[in-house]
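Letter by letter, the chains look like this.
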Amino acid sequence: MAQVQCEVEEGSVNSSPCEATPSEVCPETLIATLPTREGWSTPLILYKKFWFRSAALRSLILAPAKFVPRHDDTILATHPKSGTTWLKALAFTVANRHRYTFADHPLLTRIPQDVVPFLEITPGGLDYVEKMPSPRLISTHCPFSVLPPGISSSGCRIVYLCREPKDTFVSRWHFERSMCKADPIGINDAFNLFYEGCTPYGPFWNHNLEYWKESLMRPKEVMFVRYEEIFSDPLKVVRELASFLGVPFTEDEVQGGVVDQVVRFCSIESLRNLDVNKTGGIEHAASNVIIDHSSFFRKGKVGDWVNHMGKDMAEKLDRLVEDKFKGSGLEI
Ligand code: PAP
């Protein structure tokens, strides 16, 4: 297919040639017209009322033409820092439990972020996702309203994991600091951006609400899970997850302790001690920064916000969340 070469002004968001075909929207042309905001380790760009880093946005603009949803796809959707790594490990292990033993498991040598590729920020791009054999497990941080059209009508499953916003914020702040060690963002500046909804794939409240509403309308296709629920009763959630994915645990498996094994295998204590997760890193899609694998396994606790946020800051965020979620039925 012929590639469209876009003229991009110096200083605009990106200067690489665009991958769009003549019938597609050229991301560079579009991105150059959109509002941007500095503050985090890379600038964010406002598109369809959500903020994105440039690399992810480029993929998402191309996705409607390049990504064809399949009815047997499962999409693991999260707002960043909500437990994506955990969900990927659990869903991959549950879905592939008849294929691998715990002794020859891909997660012993590959980071969970890698075994379930992101729709919008996978090194091989959308072409890689397109070539994956069915049934595919794909992840995304993309808000529901910005997902490629056709996902809803394809009948594919979506598992959405959300997390208490104060913990999500603290996790985001730590992650940004690990990405930008030379000039780490202070907690007050980070909080102001988070509070205003200006975070990668934010505002977090609209991200949560869009998937929440979808899960109410289509509960058989959209499963809504909370990080805190997995934390407090992992066996129950993992069994529900398996049923939702169409691979329920048999009574023999339950009695034989397979669910417990999955939970232990995917626990932060076990994953963070694997060499692959202790060493090495992945190149961040929107910058030249290498993100240490270990930064995806920080504390993995509920309520760690209390060690970093003052009372005023915490109450301010709680009030915002109460206001944004009012009337939706969503409680986190
Ligand atoms: P991403 O948005 O960059 O994909 P994501 O995995 O969503 O990252 O978030 C990382 C958080 O999940 C970290 O939380 P913390 O900063 O509060 O500690 C990380 O510790 C936590 N996490 C990763 N793996 C697990 C796991 N197996 N169990 C529980 N929490 C986990």
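Bear in mind the structure is a predicted one, so any value in this text is a computation, not a measurement.

**Observations concerning the overall build of the protein chain**
- Of regular secondary structure, the protein chain possesses 16 helices and nine strands.
- Relative to the globule expectation of 20 Å for 332 residues, the C-alpha radius of gyration of the protein chain, 20 Å, shows essentially globular dimensions.
- Principal-axis analysis of the C-alpha atoms gives the protein chain an extent of 65 × 55 × 45 Å.
- Within the protein chain, the fraction of its 332 residues that count as buried is 54%.
- A separation threshold of at least 6 residues defines the contact pool for the protein chain, and within that pool the share at least 24 residues apart is 68%.
- Of the accessible surface of the protein chain, which amounts to about 15,400 Å², a share of 52% is contributed by carbon and sulfur atoms.

**Here we look at the packing of helix H7 (residues 165–179) against helix H8 (residues 187–195)**
- One way to put it is that H7 packs onto H8 with a least axis distance of 10 Å and a crossing angle of 130°. By the angle between their axes, H7 is oblique relative to H8. Crossing of H7 over H8 shows right-handed handedness. Touching Pro165, Thr168, Phe169 and Trp173 of H7 are Ile187, Ala190, Phe191 and Phe194, all from H8.
- Within the contact of H7 with H8, the residues separate by chemical class into seven nonpolar, one polar and no charged.

**Things to note about helix H11 (residues 234–244)**
- Of the positions making up H11, those classed as buried are Val237, Val238, Leu241, Ala242 and Phe244. Along the axis of H11, the buried residues cluster in a sector spanning 160°; they form a single face.
- On its buried side, H11 packs onto helix H3 (84–95), strand E6 (157–162), strand E7 (222–226), helix H10 (227–232) and helix H13 (258–265).

**Some thoughts on the pattern of salt bridges**
- In this structure the tally under the stated criterion is 19 salt bridges.
- Arg136 is the partner of Asp73 in a salt bridge, and the nearest nitrogen-oxygen pair spans 2.8 Å. Residue Asp73 is found in the loop between helix H2 (54–66) and strand E4 (74–78), and its partner Arg136 is found in the loop between helix H5 (125–131) and strand E5 (137–140); the two are separated by 63 residues along the sequence.
- Judged by relative accessible area, which is 0%, Asp73 ranks as buried.
- A salt bridge links Lys326 to Asp323; the nearest nitrogen and oxygen atoms lie 3.8 Å apart.
- What makes Lys326 exposed here is its relative accessible area of 65%.

**Some remarks on H2**
- Counted at 1.5 Å a residue, the expected span for H2 with its 13 residues is 18 Å, and the 18 Å between its end C-alpha atoms agrees.
- With eleven of its 13 residues buried, H2 lies for the most part within the structure.
- Along H2, the residues classified as buried are Ser54, Ala55, Ala56, Leu57, Arg58, Ser59, Leu60, Ile61, Leu62, Ala63 and Lys66.
- Packing partners of the buried residues in H2 comprise helix H1 (27–31), strand E2 (44–47), strand E3 (50–52) and H5.

**Focus: the site of the ligand**
- Around the ligand, the surrounding shell holds 21 residues, and the nearest of these are Lys81, Thr84, Thr85, Ser171 and Lys299.
- In this structure, an oxygen atom belonging to the ligand sits 2.9 Å away from a main-chain N or O atom of Gly83.
- For the ligand, an oxygen atom lies 2.7 Å from a polar atom in the backbone of Lys299.
- If one sorts the elements of the shell around the ligand by residue count, H3 sits on top with three residues.

**Comments concerning the layout of surface pockets**
- Considered as a void within the structure, the second largest pocket measures approximately 530 Å³ in volume.
- Around the second largest pocket, the lining is made up of 21 residues, and of these Phe92, Asn96, Arg99, Pro135 and Leu137 lie nearest the centre.
- Here the lining of the second largest pocket is composed, by residue class, of 14 nonpolar, two polar and five charged.

**Section: the sheet that holds E5**
- One open sheet holds the four strands; their spatial order is E5-E4-E6-E7, and the pairing between them is parallel. The sheet is open, and its two edges are formed by E5 and E7, each paired on a single side. The mean inter-strand angle of the sheet, taken between neighbouring strand axes irrespective of direction, is 20°.
- Pairing between E4 and E6: five bridges, direction parallel. Counterpart to Ile75 in the pairing with E6 is Ile158.
- Helix-sheet contacts for H3 involve E4, E5 and E6, and the interaxial angle to E4 is about 160°.
- Packing of H11 onto the sheet brings it into contact with E6 and E7, and relative to E7 it is tilted by some 165°.

Analysis parameters
Residues numbered from 1 in each chain as written. Predicted model: local features only at pLDDT ≥ 70, side-chain atom pairs only at ≥ 80, totals over all residues. Heavy atoms only, no water. Helix = DSSP H or I, 4+ residues; strand = E, 2+ residues; numbered from the N terminus. Rg over C-alpha atoms; globule rule 2.2 N^0.38 Å. Buried < 20%, exposed > 50% of the residue type's maximum accessible area, 1.4 Å probe, protein only. Contact = heavy atoms within 4.5 Å. Areas by Shrake-Rupley, 256 points an atom, 1.4 Å probe, with all protein chains shown as cover. Axes fitted to C-alpha atoms, helices over the stretch in contact; angles between N-to-C directions. Parallel < 35°, antiparallel > 145°, perpendicular 65-115°, else oblique. Left-handed = near helix turned anticlockwise from the far one by under 90°. Nonpolar A, V, L, I, M, F, W, Y, C, P; charged D, E, K, R; others polar. Arc of directions from axis to C-beta. Salt bridge = Lys/Arg side-chain N within 4 Å of Asp/Glu carboxyl O. Expected span 1.5 Å × (residues − 1). Near = heavy atom within 4 Å. Polar contact = N/O pair within 3.5 Å; in protein donor to acceptor, adjacent residues only side chain to side chain. 1 Å grid on protein atoms, 1.4 Å probe; cavity = no way out; pocket = protein on both sides within 12 Å on 5 of 7 lines; lining within 4 Å. Points joined across faces, edges and corners; volume = space filled by probe spheres on them. Pairing = 2+ DSSP bridges.

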